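What follows is the residue order along each chain.
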Amino acid sequence: MQSGTTTTIHDPKNPEHIKTFTFDLAYWSHSGFQRDKDGVLIPTGSDSGFAGQRDIFRDLGQGVLDSAWQGYNATLLAYGQTGSGKSYSMIGYGADKGMIPNVCEELFKATENREKNQQYQVTFSMLEIYNEQVRDLLSKIQKPGGLKVREDQHQGFYVDGLTYVPCDSYAQIERLMEQGIKARTTAATSMNTTSSRSHMVITIQFKQIFLDGELTKQSTINLVDLAGSERQKSSGSEGDRLREGSRVNLSLTTLGNVISALADVAMGKRVLHIPYRDSVLTRLLQSALGGNSKTIMIAAISPADICYEETLSTLRYAERTKKIKNKAVINTSPTEKLIKELKAENNRLLCRLAGLGNSGKTVADKTKELEYLLAKNQLRLQTIQITWERQLEEARQEWEEQYSAAMQERQMTKTFPYLFNVNEDPQLTGVLKHFIQSGSSDVGQATSNKIVLQGLGISDKHATFTNMDGEVTVTPQKKCRVVVNGVPTVTETKLQHLDRVILGSNSAYLYVGFPSERSSNDWVRFDYDFFQSELAAAEGVSIDKFGAINNKGGKVDPSVLAVFQDYIKLIPLVAEANQMSEELMKGLKLELKVKNLASADSTGYDLQKEVIVKVTNRETQEVWMWSKAKFINRKYLMEEIYQHFLDGEDIHVAQEDDPFWDPVEAIHLGSAHVWLQSLAYCMKLEEQAELLNSEGLEEAVVLINIIPCSGTGEAYGEDDVVIDPSELLGKRIDFQIQIIQCLGIKWLKEDARRGIQIGYKVYDLPITLYTKPVWKNVNAKIEETVHFVALNASHKFLNYLQKNALIVDLWGLQEGCAELNCTKKDLITWEGNILVDNMKTLTAQEANQATSNQMAELYLKLLKLEQETELLRNINRALREENVLLKDSLKGCGPGQDHKLSSASRITAQAVSRRNTPPTYPPRTSCDADFAKAPKVFYQSMNIVRGQFLKLRHNRPPEDDHMLRPFTQRQSHLLKDIGELLEASLWKLKNDVALIVKKKRESLVLTKYRGSSFP
C-alpha cells in the first residue's frame, strides 16, 4: 500500500506485522485504472490513486532532462524482482511508453526550439551485460567473449568498441531501440539466456555547443534496466557445492555491496574499500553511483503476497540507497579540451623541428621520432574534428535502410502467414517474425534454409513448413523436436491460426494464419506462461493436481499456486539443460518432480510442496535430487561450458568443477504413516504399511510392529489393555518398534546393485533413527527392534499417541554413497532403552493443567467413595429393619405357634448360618476384559479404514478422458469397500458393547438377588 511518500507492507502470514518505509515519492500502479481511446492507462477517477507513465515521467523524467540541460550527468536505475514492473517503467508496453522513450522524445522536442547560436549533438548507445560479458546491441558483428571495459584517466571506465550512433530525431532513436531489442531477443534465443538475468544500459550523450563563445556543456544520461533481483533462496545457489550462479548474479551482488559501502560513507562510517572494480556493471556506473551524477532509483515491487519476502528485501535495498549523497558538477566537453591540448602539442613539436633545422645538426633519429608524433597527433585531430554533419549523414543513411526493411516487413505481414517469437520477457515477444511464403520453407541453423533459426536443440535442417492451397503444414525432420499446442508431433501437421509451435528445446512461436483467417482475437493471452502451462497439461500436470483449491470457500491456495508457477517456469529450463547434456555428451536425464505432492505430516495435514529436479545418469543409473535453487545455479554453469563449446574452445573441466556431476547420495524414496492410537490403549499393532512416494505411488511395503511392553521387554497381553488413555498419565510406558521386512522395493527392481535404509523419528527425539543398510535384496529383511521408554507420561505425549502417526521413511542407497547414521550419543537412555517424553520442566500453563487434572481425578474418586458409603448405609438400614421385624415376630408368638416359631427359627438359623458361612457362588464373569477387547478390535479396523482413506485421498484423476471412467469405477468400489468396512466395524462394536452391558446387568441382578433373598 502506497501513499504520497510512504510504502506500507503487511506480512501475509502475520497481518498484524506491518512495516512502513519513507521515500521521496511512492506510487501505486496495480489497480484503479482504465484505458483511454489510445490504449493508454489512466486513472478511473480522481480518487483512484493510480499513477500512470506520464505521472512518473513528470516527477522523475523531467528532472533527468533538467539536469542534462544544465550540464550535469544524470542516471536512472530501475531495480526489482522479475515481473514487478521495472522494465515496464523503463521501456513501457504498447501505447504506454516508459521512461526511456519519454525522455528521448521530450529531449528532441526541446532541441527543436534551439537558438541560432547553439548547436546540439545527441548520440545513442545500447548495451547488455550478461554473465559479465558486454554485448553491443547496435552492432551487426558480435565479438566472441563480448566487448572489453577499459579505463582512461580522462574518461574513466568505458566500453572499448561500443557503437555510438548520432541522432537528430526521436524517430531515429525509436528505430535504434527496436534494433537493439531485436538483437537482444536473437541473443536470448540462440544463447538460451533470459533477459530477466541481464542488465540493459542505454547511454545518451548530450552536448550543447554555444557558437558565440568557447563554452561547451556535455551531459551523459544513463538509463539502466537492471536484472531481476530474485533472492538467493528462490533463484540462487543455496546448498550447492559449486560456486554461486556462475557470474550471472555477480553484478547485482556487487551493486548491493557498493550501495551498502556508499551508504556507510554517507552516515560517517569508516569504509576502507568500495568494490566498484568487482563487476562490469559497477565499473561502468562508478560515477553514477558515488560520483559526478544526479542519480534516481526506481524500486519496483509486487503487491502479491507470495512475493512478500522479495518485496521487503527490495524496500530495504532502496532505503539504503537513499542515504547515498553524490556531488555532481557541470561538465565541459573533454573533446574540446583534448583538441586544444593536441593543437598546443603540435605547435611545440613544430618548434622543436624548426630548431633542429636552424642549428644545422643532423639528428636523423630524433627528427623521425618528432615527425611520427606530429603525424599521429594530426591524425587524432582529424578523427576528432570530423564534422557532426558527416556523422549524422552516415547514421541517417543506415537508419533509412532499416526503415525501408521495416516497411517491407510490415507489408509482408499483410500478405503471408508467419511465426512470431514468444519470450519470457513481454518486451521481447513479437520482435522476430518469420514469414512462410508459398511453397516449402526449410527451417534450421544452416544458412541455406529459407528460415534461419538459432537456438538449443535446433538442427541444421529441423523442419519444413509448407504453404500450399491456402493451408500451412509443418513436418519435423527425423528426431527433431516439434511441439504443436503442447503435444510433440513426428508427422506432417496442419496449422491453424494462433497455434502454438515450439521448435527445439524452447524456441516458442505463435503461428499467425492467412489474413482471411485473422480476426480480432486477443493474441496477448498466448504469452510465455500459456505455452509452458500447455506443455505441463500435456504431461498431466495442472493446478488441480497440485491440490490448489483450499477447502475454505474454494479459494486457491497461494503457496500451491506459487509452486505451480515455479513448475511451468522450470519446464523450458529443464528442456534446455537436457539438450546441453545431449550435445555435450554428458548422458544426463533431467525431470521435473513435485516434492510432497501427495505427502502429509504426522497429523495428516499436507506438507509444503516444492519443485525439485530428478537427475539420472543414463549409463550408471545414478540418481540425484536437486532443489530449484541448486538446479538454476547448475544451469548457469552449464551455459558457460556450452558457450565455450559453441565458440570451439576446450570444455574439459575437473570432475569436482563439472556442473553435470555430483557425488552419489542417499535418495528419499517414500514414506508411510503408522498411526499410534493403539499404543495409547496398550494394544499391539501389526501393520503392513505402504511406502508411498511424493506422487502417492507405492514404492514398497514395510512390515512393522508397535508393541507395548514391560520394562524388561515382555509384551503386554489383552488383560493389560486400558479403556481410557488418561489412565496412563504420569505412569511409565514402555514400547518397542519392530521393523521386520520391506517388500517389493521398486528402487532395487530398477537396479539390483542398490540398497535401502529405513528411518523414523519418535515424538521429541532430536535425531532420526535409521536401520542398518540392506543391499541387493528386493524383499529386504531388516528385523530390528528398538525399545523406548517414557518414565512419566505427559498429557502432550498421550495426545501425540492418540492423534499422530509415526512417519517411516524409505531411503535409497547407491554404490559409493555414505550410509545414513544416527549419533546415539545425542540420545538419552534409561536402563539401556531410549528415553522419550523427557520433560525436565513444565511450563506454567502445563503445570496448571496437570494440577487441574489431578483435582478432577481426586474429585471423581471422592464422589465414588461417597456413593459406596451411601450404598453401605442403605444396606445397614435394611438389615436393621429386618432385625426389628424379627424381634416383633418373636414377641407376638403364643404357645400354639411353637411349630411356626420353630420353623421361623429354623429359617432364621439357616439364614444366619448362611451369612456366617463363606458363599459358594460360581465365579463371576469379568466384563472389564471383554470391554477392553471390543475397542481393540474396533481400533484395528479403524486403522485399516484410515489407510484406505489416505490411499483414496492421494489418487488423482487422469488427464486422459478415456481413462476417467475406469478411474471413477475404481474410486467408487474403494469408497464402497470403505463404507462396508466402517459399517461392519461399527455394528460389531455396538453388538459387543450390547452383549457386555447385558452380561453386566445379569451379573448385577444375580448379585442383588443373592445378597437380599433367603433360600
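Residues numbered from 1 in each chain as written. Predicted model: local features only at pLDDT ≥ 70, side-chain atom pairs only at ≥ 80, totals over all residues. Heavy atoms only, no water.

S.K.: Explain the overall build of the protein to me, please; I cannot follow it from the model alone.
M.R.: From N to C terminus, the protein includes 21 helices and 41 strands. Here the protein holds 1015 residues, and the buried ones make up 44% of them. In the form shown here, the protein has an accessible surface area of approximately 54900 Å², with 52% of it arising from carbon and sulfur atoms. (Helix = DSSP H or I, 4+ residues; strand = E, 2+ residues; numbered from the N terminus. Buried < 20%, exposed > 50% of the residue type's maximum accessible area, 1.4 Å probe, protein only. Areas by Shrake-Rupley, 256 points an atom, 1.4 Å probe, with all protein chains shown as cover.)

S.K.: How should I be thinking about the environment of Gly744 in this particular structure?
M.R.: Tracing the chain through its elements places Gly744 in the loop between β34 (733–743) and α16 (746–750). What makes Gly744 partly exposed here is its relative accessible area of 23%. C-alpha of Gly744 to C-alpha of Val702: the two residues are 42 residues apart in sequence and 9.2 Å apart in space.

S.K.: For this particular structure, what's the right way to read the pattern of salt bridges?
M.R.: Two side chains bearing opposite charge may form a pair once their charged atoms approach each other closely. Evaluation of the coordinates by the stated rule reveals 33 salt bridges. Residue Arg732 pairs with Asp734 through a salt bridge whose shortest N-O separation is 2.6 Å. We classify Arg732 as partly exposed; its relative accessible area is 33%. On the basis of relative accessibility, which here comes to 5%, the residue Asp734 falls in the buried class. (Salt bridge = Lys/Arg side-chain N within 4 Å of Asp/Glu carboxyl O.)

S.K.: In this structure, what is going on with the packing of helix α13 (residues 528–538) against helix α14 (residues 558–583)? I would like to understand it.
M.R.: Each pair of packed helices can be described by the angle between their axes along with the distance between the axes. Across the interface, α13 lies against α14 with an axial gap of 9 Å and an inter-helix angle of 90 degrees. Viewed along their axes, α13 and α14 adopt a mutual orientation that is roughly perpendicular. Across the interface between the two elements, Tyr528, Asp529, Gln532, Ser533, Leu535 and Ala536 of α13 pack against Phe564, Gln565, Tyr567, Ile568, Lys569, Ile571 and Pro572 of α14. Grouping the constituent residues of the contact of α13 with α14 by class yields eight nonpolar, three polar and two charged. (Axes fitted to C-alpha atoms, helices over the stretch in contact; angles between N-to-C directions. Parallel < 35°, antiparallel > 145°, perpendicular 65-115°, else oblique. Contact = heavy atoms within 4.5 Å. Nonpolar A, V, L, I, M, F, W, Y, C, P; charged D, E, K, R; others polar.)

S.K.: Is there a simple way to explain unusual backbone geometry in this structure?
M.R.: Note: most peptide bonds trans; most residues except glycine with negative phi. With a phi close to 55 degrees, Asn131 is a non-glycine residue in the positive phi region. You can see Asn131 is positioned in the loop between β9 (118–130) and β10 (133–136). Despite not being glycine, Tyr763 shows a phi value in the positive range, around 45 degrees. Among the secondary structure elements, Tyr763 is positioned in the loop between β35 (755–760) and β36 (769–770).

S.K.: Mind showing me how you'd approach the confidence of the model for the protein here?
M.R.: Low pLDDT means the predicted atomic positions in that stretch should not be read closely. Summary statistics for the protein give a mean pLDDT of 81 and a share of 76% for residues scoring 70 or more. Under a pLDDT of 50 for its full length, residues 840–848 has, in the predicted model, three contacts with residues more than four places off or in other chains. Below pLDDT 50 for its whole length, residues 896–925 participates in 15 contacts with residues either more than four positions away or in separate chains. (pLDDT = per-residue confidence, 0-100.)

S.K.: Is there a simple way to explain helix α12 (residues 388–413) in this structure?
M.R.: Since the α-helix advances by 3.6 residues per turn, residues separated by three or four positions end up pointing in the same direction. Taking 1.5 Å per residue, 26 residues should reach 38 Å; α12 reaches 37 Å between its end C-alpha atoms and fits that length. Buried residues of α12: Trp388, Leu392, Ala395, Gln402, Ala406, Met412 and Thr413, and no others. (Expected span 1.5 Å × (residues − 1).)

S.K.: So what exactly am I meant to see when it comes to the nonpolar core here?
M.R.: Burial of nonpolar side chains together is a common tendency in soluble globular proteins. In terms of nonpolar packing, the biggest core is built from 55 residues, with Ile737, Val762, Phe788, Phe797 and Leu806 touching the most fellow members. When neighbours within four sequence positions are excluded, Leu806 is seen to be in contact with Ala672, His673, Val674, Leu676, Ile704, Ile706, Ile737, Tyr760, Lys761 and Val762. Counting residues in hydrophobic clusters, the runner-up holds 48 residues, among them Val422, Val563, Phe631 and Met638. (Core = buried A, V, L, I, M, F, W, Y, C linked by side-chain atoms within 4.5 Å.)

S.K.: Help me understand the packing of helix α1 (residues 53–70) against helix α3 (residues 99–111) in this model?
M.R.: Relative to each other, α1 and α3 sit at 50 degrees, their axes nearing to 9 Å. The orientation of α1 relative to α3 falls into the category oblique. Of the two possible hands of crossing, α1 and α3 adopt the one that is right-handed. For the pair α1 and α3, the contacting residues are Gln53, Arg54, Ile56, Phe57, Leu60, Gly61, Leu65 and Trp69 in the first and Met99, Asn102, Val103, Glu106, Leu107, Ala110 and Thr111 in the second. Each residue belonging to the contact of α1 with α3 can be placed in one class, and the counts come to nine nonpolar, four polar and two charged. (Left-handed = near helix turned anticlockwise from the far one by under 90°.)

S.K.: Hey, could you run me through the sheet that holds strand β23 (residues 482–484) in this one?
M.R.: Strand pairing within a sheet occurs via backbone hydrogen bonds; the two strands may be parallel or antiparallel. One open sheet accounts for six strands, arranged β18-β17-β27-β26-β23-β24; its pairing is antiparallel. Looking at strand neighbours, the two that pair on one side only are β18 (433–435) and β24 (487–488), the edges of this open sheet. Running at roughly 60 degrees to β18, α12 makes contact with β17 (418–421) and β18 of the sheet. Most of the contacts of α13 go to strand β26 (residues 500–503), to which it runs at about 80 degrees, and overall it touches β23, β26 and β27 (507–512). (Pairing = 2+ DSSP bridges.)

S.K.: What exactly am I supposed to notice about the environment of Ala300 here?
M.R.: Looking at where Ala300 falls in the secondary structure, it is placed in strand β16 (residues 294–300). Once you skip the residues sitting within four places of it in the chain, Ala300 turns out to touch Tyr79, Gly80, Gln81, Ser84, Gly85, Lys86 and Thr314.

S.K.: How do you make sense of the packing of aromatic side chains when you look at a structure like this?
M.R.: For any pair of aromatic rings, geometry is given as the distance between the ring centres together with the angle between the planes. According to the stated counting rule, one finds 13 aromatic pairs in the structure shown. Taking 5.5 Å as the distance between ring centres and 55 degrees as the angle between the ring planes, the aromatic pair formed by Tyr418 and Phe435 counts as tilted. Within this pair, whereas Tyr418 is found in strand β17, its partner Phe435 is found in strand β18, the two being separated by 17 residues in sequence. You can call Tyr418 buried: its relative accessible area is 6%. Judged by centre distance (5.9 Å) and plane angle (35 degrees), the rings of Tyr642 and Phe645 are tilted. (Phe/Tyr/Trp six-rings, centres within 6.5 Å; stacked < 30°, edge-to-face > 60°.)

S.K.: Any chance you could explain the side chain of Thr254 here in plain terms?
M.R.: Looking at where Thr254 falls in the secondary structure, it is placed in helix α6 (residues 250–266). Classification of Thr254 as buried rests on a relative accessible area of 3%.

S.K.: What exactly am I supposed to notice about the pairing of strand β19 (residues 439–444) here?
M.R.: For a regular strand, side-chain orientation follows a simple rule: the groups alternate between the two sheet faces. Of the pairings in the sheet, the one linking β19 to strand β21 (residues 463–468) comprises five bridges and is antiparallel in character. Residue pairing for β21: Ser440 is matched across the bridge by Thr466. Sheet analysis places β19 next to strand β20 (residues 451–452), joined by two bridges and oriented parallel. Within β20, the position partnered with Val443 by the bridge is Ile451.

S.K.: Teacher, can you tell me more about α3 here?
M.R.: The terminal C-alpha atoms of α3 lie 18 Å apart, and with 13 residues this matches the ideal 18 Å at 1.5 Å per residue to within 8%. Across the 13 residues of α3, eleven count as buried, placing the element largely inside the fold.

S.K.: What is the right way to look at the sheet that holds β20 in this model?
M.R.: Ordered by their spatial adjacency, five strands build an open sheet running β20-β19-β21-β22-β25, and the pairing between neighbours is mixed. The open sheet has two edge strands, β20 and β25 (493–494), and neither has a second partner. In the sheet, β21 pairs with strand β22 (residues 471–476) via six bridges, with the strands oriented antiparallel. Among the inter-strand pairings, Thr464 is bridged to a residue of β22, identified as Thr475.

S.K.: Would you explain the side chain of Thr203 in this entry?
M.R.: Mapped onto the elements of the fold, Thr203 is located in strand β14 (residues 199–210). Relative accessible area serves as the criterion here: at 9%, Thr203 is assigned to the buried category. Within the structure, the side chain of Thr203 is placed 3.1 Å from the side chain of Asn222, a separation counted as a polar contact. Once residues within four sequence positions are removed from consideration, Thr203 is found in contact with Thr123, Phe124, Ser125, Thr220, Ile221 and Asn222. (Polar contact = N/O pair within 3.5 Å; in protein donor to acceptor, adjacent residues only side chain to side chain.)

S.K.: Teacher, can you tell me more about the state of the cysteines here?
M.R.: Between two cysteines, a covalent bond joining their sulfur atoms is known as a disulfide. Counted by the stated rule, this structure contains zero disulfides. Just so you know, Cys167 is unpaired, no disulfide at all, and the nearest cysteine sulfur is the one on Cys104, 8.4 Å from it. (Disulfide = S-S within 2.5 Å.)

S.K.: What is the right way to look at the environment of Ile745 in this model?
M.R.: Note on placement: Ile745 falls in the loop between β34 and α16. Owing to a relative accessible area of 0%, Ile745 belongs among the buried residues under this scheme. Counting along the chain gives 34 residues from Ile745 to Asn779, while the straight-line C-alpha distance between them is 6.6 Å. Sequence-distant contacts of Ile745, that is, excluding residues within four places in its chain, are made with Glu699, Ala700, Ile756, Asn777, Val778 and Ala780.

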